[in-house]
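# Structural description and commentary
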Amino acid sequence: MGIIDKVSGVHGKIMIIEDEEEVREILKLHLESAGYEVIEAEDGEKAIEKMKEGSNLLRVGLIITDIRMPKINGVEAIEYLREHAPSKPIMVVTGYPDTDLAISLMQKGVKEYLVKPVEKEKLLEKVKAVLAEEQNFDYV
Amino acid sequence: MEELLKRILMNVPDVILVFDENMGIEFVNTAFGRLMKKRTRDFFGAPLADVDAAFHESLTPLFQRIQKNPQDPIMRTFREKREATSGGYQARDPLAPALAEGNADDSPRVLTLRGDIFTYQFFDAGPGDGDLKIGLALSKVTDEKELLERLTQTGSVSGLDTLAAGVAHEMNNPLFSITGHAEAILDETGIDKIQAYAEKIRGSSRRIAKIVADLSGYARGKGNEEKKKIDLVETLDSAVKIALIHFDENELTVERNYAVLSPVEAVPEELQRIFTNLFENALQAMDGKGTLSITASETGDGVQIRVQDTGSGISRKYLSRIFNPFFTTKGQGKGTGLGLNVVRKLVKKYGGDIEVESEPGKGAIFSVTLPCNSE
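Residues numbered from 1 in each chain as written. Chains lettered and ligands numbered in written order. Predicted model: local features only at pLDDT ≥ 70, side-chain atom pairs only at ≥ 80, totals over all residues.

## Brief notes about the overall build of chain A
Test applied: Helical segments are the DSSP runs of H or I of at least four residues, strand segments are the runs of E of at least two, and each set is numbered from the N terminus. Any two residues are considered in contact once their C-beta atoms, placed from the backbone, lie within 7 Å.
Summing up its helical and strand segments, chain A has seven helices and five strands in all. The N-to-C order of helical and strand elements in chain A reads α-β-α-β-α-α-β-α-β-α-β-α. A fraction of 62% describes how many contacts in chain A between residues 6 or more apart in sequence connect residues 24 or more apart.

Shown next as structure tokens:
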């Protein structure tokens with residue numbers, strides 16, 4: 001990430017939505033090692049709350065989420081996020097290698113569907129690619 | 001051409017009826033005649049109420065809906081379903097307990113006629129001159145439905161799906177932690193961090209080992225564990241002790257009501273496992289606060305152990321599935337969904353049985369029966 005991005009804050013933060021601490025930790029380790037700033041949420045509900053905090057709605061440039069979580073699960077959170085923050089790209093990192101689910105989520109606007117255990121290199125490559133895409137701002 | 005159409009209509013295996021607006025029968029095909037064991041012409045002109053009162057009763061509300069609104073969605077029940085199954089895969093959490101899938105509205109999914117179960121479709125059979133004629137096509141599903149119900153009960157169908165998704169989820173998370181921390185070690189030079197990551201790897205590996213152990217306990221026993229005559233009271237007491245380890249005893253009351261003298265023949269670890277799992281489950285259901293009542297009694301040829309908690313109870317829609325592997329309503333990391341499944345496996349292995357009763361808000365009662373002599 002270049003200094004310009006950091007200053008402009010467009011791609012500033014990546015939000016991780018994942019209920020398992022160990023997994024959050026790994027994602028954070030990987031992402032921080034590549035220079036990204038990370039905010040974490042344990043479930044969809046908390047993610048939505050955090051999204052509304054401060055400048056997060058503006059500064060979060062990518063959302064990485066699991067599917068299975070308590071309270072608001074990933075699928076519901078994705079639907080909510082697509083509705084309320086349609087310009088934020090979403091990546092799913094999940095334990096289920098499920099083609100139908102992947103296709104259906106992609107149709108909902110999910111950019112990538114990665115299956116755990118995803119390797120660091122692949123994760124960072126996908127993150128970089130998604131962030132490099134021009135953000136499709138929907139002016140609602 | 002008309003003759004051909006009539007023959008086709010008469011001979012399709014689905015039941016087809018056409019009613020006038022007062023639910024009088026205008027037409028039935030051979031499938032209906034066969035079902036009612038009469039010739040089709042005997043029905044022409046007869047009021048449905050005289051032909052089959054129960055069926056008349058179940059159709060009445062549906063008729064009223066159609067009369068009120070000829071565009072009511074039940075007129076197209078089938079077509080909508082086809083569309084939904086062909087292209088409309090719905091993304092959902094694969095482990096979330098599936099809600100009963102019904103029609104979008106409150107119309108019944110199936111109709112019963114003479115003990116058989118049918119899916120149904122109403123259709124507009126009017127000639128177009130303003131007279132309302134309502135067609136009804138019935139497709140028999142009794143066999144499929146029975147099969148499905150039996151499989152769901154034994155946990156085979158939904159159980160297998162849940163099993164596969166459960167294995168994937170339960171294994172892939174710790175695996176991700178292992179590969180991730182290993183990758184972090186490769187990039188790390190600080191010994192403290194490396195050690196901390198190695199610790200995480202060990203923890204995750206143990207978690208996988210535990211899942212594998214649970215699953216293989218789920219498969220066949222190793223065969224080298226010998227059955228012994230075991231004192232049930234002693235087993236129950238030590239299972240309580242183990243279950244209580246994770247809870248605050250000050251917040252809990254354990255009521256014991258033992259009236260069992262006969263020893264039970266079993267592998268000691270397995271018998272203890274049955275009750276440890278049941279007790280831990282009960283304590284978790286109560287959030288560690290409340291009363292756990294354990295009642296043991298003789299049943300003649302065996303023993304019955306009732307485990308009652310004062311927890312939040314189990315919703316009816318989950319009751320048939322709580323013994324399925326990986327089915328859990330507990331939060332992540334609190335349960336693998338294998339506990340009750342293992343309990344049932346073991347109880348069945350000894351020729352016993354387990355039942356559950358529960359009402360939301362009123363706790364749950366698990367009753368285990370075990371024969372005293374399991375040869």
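## Points about the packing of helix α9 (residues 232-244) of chain B against helix α10 (residues 268-285) of chain B
The description of two helices packed together rests on the angle between their axes and the distance between the axes. All names here are of chain B. Put simply, the rule reads: Lines fitted to the C-alpha atoms define the axes, with helices restricted to the stretch that makes contact. Angles between their N-to-C directions range from 0 to 180 degrees. Oblique is the label for every angle not falling under 35 degrees (roughly parallel), over 145 degrees (roughly antiparallel), or within 65 to 115 degrees (roughly perpendicular). Left-handed describes a crossing whose near helix is turned anticlockwise from the far helix through less than a right angle; right-handed describes the clockwise counterpart. Polar here means any residue other than Ala, Val, Leu, Ile, Met, Phe, Trp, Tyr, Cys and Pro, which are nonpolar, and Asp, Glu, Lys and Arg, which are charged; Gly is therefore polar.
For the pair α9 and α10, interaxial distance at closest approach is 8 Å and the crossing angle is 45 degrees. Considering the angle they form, α9 stands oblique to α10. For the crossing formed where α9 meets α10, the hand is right-handed. Residues Thr235, Leu236, Ser238, Ala239, Val240, Ile242 and Ala243 of α9 form the contact with α10, whose own contacting residues are Leu271, Gln272, Phe275, Thr276, Phe279, Glu280 and Leu283. Here the residues of the contact of α9 with α10 sort into nine nonpolar, four polar and one charged.

## As for α10 of chain B
Stated formally: Expected helix span is given by 1.5 Å per residue-to-residue step, counting one fewer step than there are residues.
For α10 of chain B, built from 18 residues, the straight-helix expectation of 26 Å at 1.5 Å per residue is met to within 8% by its first-to-last C-alpha distance of 26 Å. One or two steps after α10 of chain B, the chain reaches Asp287 of chain B, where phi turns positive at roughly 60 degrees.

## Some remarks on the sheet that holds strand β10 (residues 302-308) of chain B
Residue and element names in this part refer to chain B. Filter applied, for reference: In this analysis, strands are considered paired if DSSP registers two or more bridges between them.
Read across the sheet, five strands follow the order β7-β9-β10-β12-β11 without closing on themselves; strand pairing throughout is mixed. Among the strands making up the open sheet, the edge pair consists of β7 (252-259) and β11 (353-358). The sheet shows a mean angle of 10 degrees between the axes of neighbouring strands, taken without regard to direction. Note: β11 against strand β12 (residues 364-371), six bridges, orientation antiparallel. Following the sheet pairing, Asp353 is matched in β12 by Thr369.

## A closer look at the pairing of strand β2 (residues 37-41) of chain A
Residue and element names in this part refer to chain A. Our working definition: With the strands aimed away from the viewer, a crossover counts as right-handed if its path from the first strand over the helix to the second runs clockwise.
Pairing of strand β1 (residues 13-17) with β2 involves five bridges; the strand directions are parallel. Bridged to Lys13 within β2 is Glu37. Remark: the β1/helix α2 (residues 21-33)/β2 crossover connection has right-handed handedness.

## Focus: helix α12 (residues 339-349) of chain B
Residues and elements named next belong to chain B. Let me state the cut-off plainly: Counting other C-beta atoms within 10 Å of a residue's own tells you its class, since 20 or more makes it buried, 12 or fewer makes it exposed, and anything in between is partly exposed; those C-beta atoms are placed from the backbone.
Judged by how many residues are buried, α12 sits mostly within the fold: nine of eleven residues are covered. For α12, every residue scored as buried is listed here: Gly339, Leu340, Asn341, Val342, Val343, Arg344, Lys345, Leu346 and Val347. One or two steps after α12, the chain reaches Gly351, where phi turns positive at roughly 75 degrees.

## Quick word on the sheet that holds strand β1 (residues 15-19) of chain B
Residue and element names in this part refer to chain B. Within the open sheet, the five strands sit side by side as β2-β1-β5-β4-β3. Their pairing is antiparallel. Pairing within the sheet leaves two strands with one partner each, and these edge strands are β2 (25-28) and β3 (111-113). Looking at each pair of strands side by side, their axes are set apart by 35 degrees on average, direction ignored. Relative to strand β5 (residues 134-140), β1 runs antiparallel, the two being bridged by five bridges. Residue Leu17 lies in a different strand from β5, and its bridge partner there is Leu136. On top of the sheet, helix α4 (residues 53-68) reaches β3, β4 (116-124) and β5; it is set at about 140 degrees to β3, its chief contact.

## Description of the pairing of β7 of chain B
Looking along a regular strand, one sees the side chains alternate between the two faces of the sheet. All names here are of chain B. Here β7 lies mainly on the outside; zero of its eight residues are buried. Where β7 meets strand β9 (residues 290-298), eight bridges bridge the pair, whose relative direction is parallel. When the sheet's bridge partners are listed, Thr253 is paired in β9 with Thr291.

## Looking at unusual backbone geometry
Following Lys116 of chain A, the chain continues into Pro117 of chain A via a peptide bond in cis, with omega recorded as -5 degrees. Relative to the assigned elements, Pro117 of chain A resides in the loop between β5 (110-115) and α7 (120-132). Backbone geometry places Met23 of chain B, a non-glycine residue, at a positive phi of 65 degrees. At Asp287 of chain B, a position not held by glycine, the phi torsion is positive, near 60 degrees. By the element assignment, Asp287 of chain B lies in the loop between α10 and β9.

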